[in-house]
Every structure is written in C-alpha cells, then in structure tokens.
Amino acid sequence: QHSAEELLLAEAGVGLSQARIMSGLSTSVARSQSHLASELNQTEANISRQLKVMKRHGLVNISKNKKDGRQRDVTLTSKGHNTYQKAEKILKAQQVKFLKVLNKGEADILEFAAQKLA
C-alpha cells in the first residue's frame, strides 16, 4: 500500500485514497459524498477532505443536489478522468508485478479472497 501511494503520487499526482474516490466516480453518474463514504468504507469527513483537495486540483466538480440541498453531488472532470485512467494503469502494472512473485496457487487464493472482500 505504501509503495502504491508513493508510485501514484510520483507518476499521477494523486494518492491512493484519491484514486479510490476516483474509482467510485469513474462512471458518468454523479455520486453523493455520503454514497462514496459508504461505498469506500470511509468517514464522510475523510471523503470531504479529500474531495476539497481534488476540487482544488481540478479533478472533481462538486454541486448541490437538486432534490436535497444538504447533499453534494460529485463528478469527475475530464482532467479527473484522465488522471484516474493514468492511476489505474499504474496500479494494474504494480499488481501484475506483485502477482509475479506468487505461484499459481497463491495467486488464485489471493484473487478468491479479493473477490470475497469486494
């Protein structure tokens, strides 16, 4: 996790938490901050802090929900989509590198466990 964080920061300019948030926003559908927090198993306060940084960097748009003014809807900007695609490639390459050190049985067990957690 630490090496993924360093690699993402160096090559994509975002951290792992921000990449996870972008993953939750990768569809074109706006998501509320509370939905993201629930989906990512994080506090709304943590999501809010990360989103403020991401907005400052032009990665997300945040707007009031038209039906419930207390809610904030979040979408990725085009810069955010590009950054997410870059981050996803970096993480996939790191995953492939990591899986190469495992034998077939270990890789299968890890994949099975990851699917159970998802």
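Below is a short write-up of the structure. (Residues numbered from 1 in each chain as written. Predicted model: local features only at pLDDT ≥ 70, side-chain atom pairs only at ≥ 80, totals over all residues. Heavy atoms only, no water.)

## Side note on the environment of H57
Here is step 1: Within the secondary structure layout, H57 lies in the loop between α4 (44-56) and β2 (60-64).
Here is step 2: Placed 32 residues apart in sequence, H57 and K89 show a C-alpha to C-alpha distance of 20 Å. (Helix = DSSP H or I, 4+ residues; strand = E, 2+ residues; numbered from the N terminus.)

## Comments concerning the pairing of strand β3 (residues 72-76)
Where a strand is regular, its side chains alternate between the two sheet faces.
Here is step 1: Here strand β1 (residues 31-32) runs beside β3; their pairing, made up of two bridges, is antiparallel. Paired with R31 across the bridge in β3 is V74. (Pairing = 2+ DSSP bridges.)

## Focus on the environment of S34
Here is step 1: The residue S34 is located in helix α3 (residues 33-40) in this model.
Here is step 2: Separated by 15 residues in sequence, S34 and A19 have C-alpha atoms that sit 17 Å apart.
Here is step 3: Every residue in contact with S34, bar those within four places of it in the chain, is listed here: E44 and Q71. (Contact = heavy atoms within 4.5 Å.)

## Comments concerning the nonpolar core
Here is step 1: Formed by 21 residues in total, the largest nonpolar core has its most connected members in I21, L25, L36, I47, L51, M54 and V60.
Here is step 2: Element by element, the count of residues in this core is highest for helix α2 (residues 16-24), at four residues.
Here is step 3: Beyond its immediate sequence surroundings of up to four residues, I21 is in contact with L36, L40, I47, Q50, L51 and M54. (Core = buried A, V, L, I, M, F, W, Y, C linked by side-chain atoms within 4.5 Å. Buried < 20%, exposed > 50% of the residue type's maximum accessible area, 1.4 Å probe, protein only.)

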